[in-house]
Amino acid sequence: MKGLRFNRKHLCIPYAVFLILFVIAPLIVIVYYAFTNGQGHFTFDNFVNFFTSTKTLGTLLYSFAVAIVTTLVCLVIAYPTAYILARSKMKKKYVLLLLFILPMWINFTLRITALKEVLSVIEGNISVYPFLNSVIGMTYDFLPFMILPLYTSLLKLDNSLLEAASDLGASKATVFLRVTLPLSVPGIVSGITMVLLPSMTNYVVLDMLYNNTYIMGSLIGSYFSAYDWHNGSLISLVLLIIIFIVTLVTNRFSDKDANNKGAIL
């Protein structure tokens, strides 16, 4: 038993080494450059410049707007789709689910290029509606990430709870609002997390559609391309803090949902 425990402990060594080299060490480098200037001296000027620059604040607000609208559009499309696929008795529903996942198997560049051509044909000039096309591109890219957690959450619903609510005289709308929707909150939270955070930084879609730097990810890339590691690291650190806050909020929603689920049961 002692030898077994010893071996198990050593199995953690590769993971610990990977964590130190590829997670902790890069974070330390980012923090170092975020709080230093070109001469290596400690400073808060990078933070001051970020929160006083109209360019960075405007890009941050635009990124938030694109991410929030994209997340809402994905949720509106994905929830009824996942609900129908999960609750229906169709024999081919797994094939339908596969159709939503199938685009993820195609090269990302090919998909966005094809979408750009479709939008160009429809609108004539793709640059006329940059925000709308940004949301369309992001939705096309991240919709499967919203459907899958919702489908999994709705598939695990206990039918006896829905039947009990109906037997007690609840209408279909009441059953959905009081039972189905609260129990599917983990899938909603997971889907929002998987769409909101990446869509704030996924500049590839916008660069391929417009070749601009409206999104935070492309702004970071522009700073690093200009060898301005200090401002680039500062913006990366700000995004990490935003991601941490969003994750903390979503986890609290998950905890509340667990309590609500216990109350329903």
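Residues numbered from 1 in each chain as written. Predicted model: local features only at pLDDT ≥ 70, side-chain atom pairs only at ≥ 80, totals over all residues. Heavy atoms only, no water.

(A) Broad picture of the confidence of the model for the protein chain. Per-residue pLDDT for the protein chain averages 82, and the proportion of residues at 70 or more is 88%. Mean pLDDT across the elements of the protein chain bottoms out in helix α4 (residues 93-101) (75) and peaks in helix α3 (residues 54-87) (90). (pLDDT = per-residue confidence, 0-100. Helix = DSSP H or I, 4+ residues; strand = E, 2+ residues; numbered from the N terminus.)

(B) Spotlight on a nonpolar patch on the surface. Where nonpolar side chains cluster on the molecular surface, the patch consists of Ile13, Val17, Phe18, Ile20, Leu21, Phe22, Val23, Ile24, Leu27, Ile28, Leu240 and Ile243 and spans about 1,100 Å² of accessible area. Elements with a minimum of two residues in the nonpolar patch: α1 (2-34) and α12 (229-264). With ten residues, the single largest contributor to the nonpolar patch is α1. (Patch = residues over 30% accessible without salt bridge, like charges linked within 9 Å, V, L, I, M, F, W, Y side chains within 5 Å. Areas by Shrake-Rupley, 256 points an atom, 1.4 Å probe, with all protein chains shown as cover. Salt bridge = Lys/Arg side-chain N within 4 Å of Asp/Glu carboxyl O.)

(C) Spotlight on the packing of helix α8 (residues 172-183) against helix α9 (residues 185-201). Close contact between α8 and α9 brings their axes to 4 Å; oriented N to C, the two are set at 50°. Judged by the inter-axis angle, α8 sits oblique to α9. Facing Leu181, Pro182 and Leu183 of α8, the residues of α9 in contact are Val185, Pro186 and Ile188. When grouped by side-chain class, the residues that make up the contact of α8 with α9 number six nonpolar, no polar and no charged. (Axes fitted to C-alpha atoms, helices over the stretch in contact; angles between N-to-C directions. Parallel < 35°, antiparallel > 145°, perpendicular 65-115°, else oblique. Contact = heavy atoms within 4.5 Å. Nonpolar A, V, L, I, M, F, W, Y, C, P; charged D, E, K, R; others polar.)

(D) Looking closely at unusual backbone geometry. A positive phi angle, near 60°, is found at Tyr227, a position not held by glycine. Tyr227 gets classed as exposed once you look at its relative accessible area, which sits at 72%. (Buried < 20%, exposed > 50% of the residue type's maximum accessible area, 1.4 Å probe, protein only.)

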